Amino acid sequence: MDKTDNDVVNVCNGNKPPRAYDDCYQWNLYRVPRKIKVKGKLQEHPGRKSAIFVVHGIGDQSWTTTAASLRSGFEDAFEAIAKWQRNHPSEDNDHGLENANGLPLPFILDGYWSNYSDLEKTFEEDWQRFGEREKTFFGHLWIRRCSVFRTYSWFLRQQVRLLHPRLIKVVGWYYLLYWPLQLVSLFALTLALIRSPKILTQFIADIRLYVDPKGMIERAVVQRIDYRVGEQFLRMLGLDWNFRKLDKDKLIQASGEPVAFERIVWVAHSLGTVISYNVLSDLFHRAEELAFTGDEEQKYGVEQFRTGMRRFVTLGSPLDKIAFLFGKKAIRPWPDQSRESLLYGGEELTDIESKQLANVKSKTQALPKEEWWVNFYSVFDPVSGSLSDDLICGQAQPINLLMSPRLSSLLPGVAHVLYWSDSKRTLRYILGRCYGHYFLRDKEVEPYSRFHRFFLALGGYVFWAFLIVILSYGIINYLPELVKLLL
């Protein structure tokens, strides 16, 4: 019998190893049963309708790399949740599952865009029509548009712009550290130009292209990045860009079968938060348009979108800084209305609760209203910050939460990638919102106290000031030796 035809979950006990003949680890969708018994009643298994959509930041990524990093962190987060549950048994016994061992890790899909320089992958339909001359011509054209010196000069101009006093409104008193930081950045960028130009073409070029495209080719590529990310997300719901139902052969394939999900948490990191913000803006505007002018199928698709996407989680986001530097050239604002009307958010309704609402004329009016945008940042991550700019936040800020502080985050650049392994706060929050409290009981992620935030911010200021002073002193006093080293 196919494992997916089982009616009840056979769960491994996390306290002791299973027997060799036990088959209870649901490590992929094939091994997740279709039904689960909760309080004596069978329900559709949440592992088959809940998923994560993740959009990566800059860098030389490859397909599924980001999803694998997130899944690896989730493994540790589940262990932490299971341990907490054992130490805090439910008093009212009113939860569907009493331990995290009864759930699989959620399905994760990449909103992959790093291969934008591969014209065959990015513009597949155009590439198929090109002759050999056109393929060679546009390939050479792209190489010229992404040259090292073009990226280098662009980054220098942005460094000068960061010295503007108005930036203090965005970054607070971190602004005082920006002046000496320019000297360090100039040295690091020049070192990269001479020693490792790939750093510019594979990292900095991503930022330049997306937030400040020049010319028709670059703007077309940026638009296609947004289109492909939005297309992948809509596929998770079983929809296309017209909010129509996809044919089975166009759905995501998992364990040999087409799948569509009903509950999705959108997670984005670094530059991926800017891309995700813009793609969501397009999805919101498209949904608003079709809610009034679309046919019945499209209106139903709009409802699927608004109820299916449960949370938007940004990690290490530079949205405030991008909004300051580039404004509406790089940011496409969301519709000017409350976020609660853009998505319905809230916790998932169980089958029993859904039946109770069967006679309600508008199901969406009965759903709980909650803030669905959460931003995790770190005071040791100069890219990130608390999001507050009116251009991106509109009427209200998202929930801004600090990532768990760690000693390793003191190292330059490391804090920006530690979100993927922050199993104590960041990943636990994402998991909890993916399944909802009914299926995954966990402690609430509380904001740090004002004193705690002040202490961490002060530590961040002192550390970065010390680091910048040391580096600046070394550059000024040992410049001839450094030039020799570079050459």
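Residues numbered from 1 in each chain as written. Predicted model: local features only at pLDDT ≥ 70, side-chain atom pairs only at ≥ 80, totals over all residues. Heavy atoms only, no water.

**With respect to the overall build of the chain**
A count of helical and extended segments in the chain gives 19 helices and 10 strands. Split into buried and exposed, the 487 residues of the chain put 49% on the buried side. Look at the contacts in the chain between residues 6 or more apart in sequence, and 75% of them connect residues 24 or more apart. (Helix = DSSP H or I, 4+ residues; strand = E, 2+ residues; numbered from the N terminus. Buried < 20%, exposed > 50% of the residue type's maximum accessible area, 1.4 Å probe, protein only. Contact = heavy atoms within 4.5 Å.)

**Things to note about a nonpolar patch on the surface**
On the surface, a cluster of nonpolar side chains totalling about 300 Å² of accessible area is made up of Phe-454, Leu-458 and Val-462. One can find Leu-458 in helix α18 (residues 450–477). Leu-458 gets classed as partly exposed once you look at its relative accessible area, which sits at 41%. (Patch = residues over 30% accessible without salt bridge, like charges linked within 9 Å, V, L, I, M, F, W, Y side chains within 5 Å. Areas by Shrake-Rupley, 256 points an atom, 1.4 Å probe, with all protein chains shown as cover. Salt bridge = Lys/Arg side-chain N within 4 Å of Asp/Glu carboxyl O.)

**A closer look at the pattern of salt bridges**
Under the counting rule described, the total for this entry stands at 16 salt bridges. The partner of Asp-212 in a salt bridge is Lys-329, with the nearest N and O atoms 3.3 Å apart. With a gap of 117 residues between them, Asp-212 in the loop between α8 (198–211) and α9 (215–237) and Lys-329 in the loop between α12 (319–326) and α13 (339–342) connect regions that are remote in the sequence. One salt-bridge network, in which partners are shared between bridges, spans Arg-34, Arg-48 and Glu-257.

**Regarding the confidence of the model for the chain**
For the chain, per-residue confidence averages 81 on the pLDDT scale, and 80% of positions sit at 70 or higher. Overall, residues 359–368 carries pLDDT values under 50, and its contacts beyond four positions in sequence, including any with other chains, amount to 13 contacts. (pLDDT = per-residue confidence, 0-100.)

**Overview of α12**
Summarising burial for α12: 8 of the 8 residues are buried, a large majority. Positioned one or two residues after α12, Gly-327 has a phi angle of 55 degrees, which is positive.

**What to know about the side chain of Arg-306**
Topologically, Arg-306 is positioned in helix α11 (residues 296–308). Glu-303 provides the closest opposite charge to the buried, unpaired Arg-306, separated from it by 4.4 Å. In contact with Arg-306, other than residues within four places in its own chain, are Ala-287, Glu-288, Ala-291, Ser-341, Leu-342, Leu-343, Tyr-344 and Gly-345. (Lys, Arg positive; Asp, Glu negative; His and termini not counted.)

**Focus on the pairing of strand β7 (residues 263–269)**
Across the 7 residues of β7, 7 count as buried, placing the element largely inside the fold. What you see with β7 is no split at all: Arg-263, Val-265, Val-267 and His-269 on one side and Ile-264, Trp-266 and Ala-268 on the other are buried throughout. Note: strand β3 (residues 50–55) against β7, 6 bridges, orientation parallel. Across the sheet, Ser-50 pairs through a bridge with Arg-263, a residue of β7. Bridge analysis of β7 against strand β8 (residues 309–315) gives 6 bridges, and the strand direction is parallel. Residue Val-267 lies in a different strand from β8, and its bridge partner there is Val-313. (Pairing = 2+ DSSP bridges.)

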